[in-house]
Each structure stands twice: as C-alpha cells, then as structure tokens.
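Reading the structure
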Amino acid sequence: MSAHNAPQHDEFLNHDEFLNRAIRLAVQNVSDGGGPFGAVVVTPDGSVHEGVNRVTRDNDPTAHAEVVAIRRAAADMGNFDLSGSVLYASCEPCPLCLSATLWARIGRVYFAADRHGAARAGFDDAVFYEYFAGTRPELLPVEHAPVAASEEPFEAWRNNTERTDY
C-alpha cells in the first residue's frame, strides 16, 4: 500500500474518539509541565500508541507529540514502517511532524486544532512553512559542499549485502 493511501481499516476507526484522546493527552501534559500537544498512532492491528510533547521535559527539540507517538509505535511494532497506520493529533502537525509521518509511511493524519490556534497560544510555525515554500531561505542557509569522499557512504550502502532497505 502506498504511504498516501488511506489505511484499509480506516473506515472502522472512531476518529472523534482518537482525536479526543489526543486532546486529553495534551491537556494532561500541560498539567504535567509539558507542551499542549498530544498524539495517537493507531496501527493496522488496532494497537494504540500515545505521545505527548516532551521538548522541554527532555531538552529535545524533536520530541514533539507526533514524533514521540511514532517512535513508540515503531518500537512496539518492531518495525520502522508503519504503513496502514493513522495518526491523530491534538493540533495540526508542524513540518517536522509531517516529515516524520511521511518517513514512517503512515497512511492518514487527522488533527483537531489548526496552526492558527497554535499561533494564538504562542506556537507559531508560520515561518517554517514559509521556509519550506521557498520564501524565507535566509532562515536556514543550506549549501551543497561536496568533498572527495562524499559518495563513500552510499558506496558502502550499495555494497552491503546485509542491509535493511527502507
């Protein structure tokens, strides 16, 4: 199944139930000293994997609720490929979370609040969307700087008969 197709079991899921669960996780996380974000990944077998924003708690700028839920789902499933899964988020996923969702091959995302509500609460990702749209390249200059050994990691990969493709 393509990462962009809806999971086959999707029509059997109660979207409101899982969105409300993500919202409850987010509210509880605020009470626990964390950020106001919660997420749930439901895998094709019906398993539920929760995550909350742990950025300040873990001093990890990548520990967004969606990423935490994806990490837990992958660890619990013993597989980095979460094809057929559904991600439910208390808020619209930011570019980091969308990228993680794509890499995990999750098939569909549902979110409750949108990026504008997050911005009103002080979580404004608009500049990141502008960066990826190509209108704010000065935010993070990225430059191709090839060296003689640039291709060696890929050669090692191609020559490794024991590799796990992904």
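Summarised in this report is the structure supplied together with it. (Residues numbered from 1 in each chain as written. Predicted model: local features only at pLDDT ≥ 70, side-chain atom pairs only at ≥ 80, totals over all residues. Heavy atoms only, no water.)

Here's the deal with the packing of helix α3 (residues 65-77) against helix α4 (residues 95-103)
- Viewed as axis vectors pointing N to C, α3 and α4 meet at an angle of 20°, and their least axial separation amounts to 8 Å. What the angle tells us is that α3 and α4 run roughly parallel. For the crossing formed where α3 meets α4, the hand is left-handed. Contacts between α3 and α4 involve Glu 66, Val 67 and Ile 70 from the former and Leu 96, Cys 97, Ala 100 and Thr 101 from the latter.
- Here the contact of α3 with α4 is built from residues that sort into 5 nonpolar, 1 polar and 1 charged. (Axes fitted to C-alpha atoms, helices over the stretch in contact; angles between N-to-C directions. Helix = DSSP H or I, 4+ residues; strand = E, 2+ residues; numbered from the N terminus. Parallel < 35°, antiparallel > 145°, perpendicular 65-115°, else oblique. Left-handed = near helix turned anticlockwise from the far one by under 90°. Contact = heavy atoms within 4.5 Å. Nonpolar A, V, L, I, M, F, W, Y, C, P; charged D, E, K, R; others polar.)

Things to note about the packing of aromatic side chains
- Scanning the entire structure with this criterion turns up 7 aromatic pairs.
- A ring pair is formed by Tyr 131 and Phe 132, whose centres lie 5.4 Å apart and whose planes are at 80°; its orientation type is edge-to-face.
- Members of the aromatic cluster, connected to one another through ring pairs, are Phe 80, Trp 103, Trp 157 and Tyr 166.
- The ring centre of Tyr 129 lies 3.7 Å from the NZ or CZ of Arg 115, which sits over that ring. (Phe/Tyr/Trp six-rings, centres within 6.5 Å; stacked < 30°, edge-to-face > 60°. Lys NZ or Arg CZ within 6 Å of the ring centre and 35° of its normal.)

Overview of the pattern of salt bridges
- Applying the stated criterion across every chain yields a total of 7 salt bridges.
- The shortest N-O distance in the salt bridge between Glu 138 and Arg 136 comes to 2.5 Å.
- The shortest N-O distance in the salt bridge between Arg 163 and Asp 165 comes to 2.7 Å.
- By relative accessible area, which is 32% here, Arg 163 ends up partly exposed.
- By relative accessible area, Asp 165 is classed as exposed at 52%.
- Each of the salt bridges in this network shares a partner with another, and the network as a whole consists of Glu 130, Arg 136 and Glu 138. (Salt bridge = Lys/Arg side-chain N within 4 Å of Asp/Glu carboxyl O. Buried < 20%, exposed > 50% of the residue type's maximum accessible area, 1.4 Å probe, protein only.)

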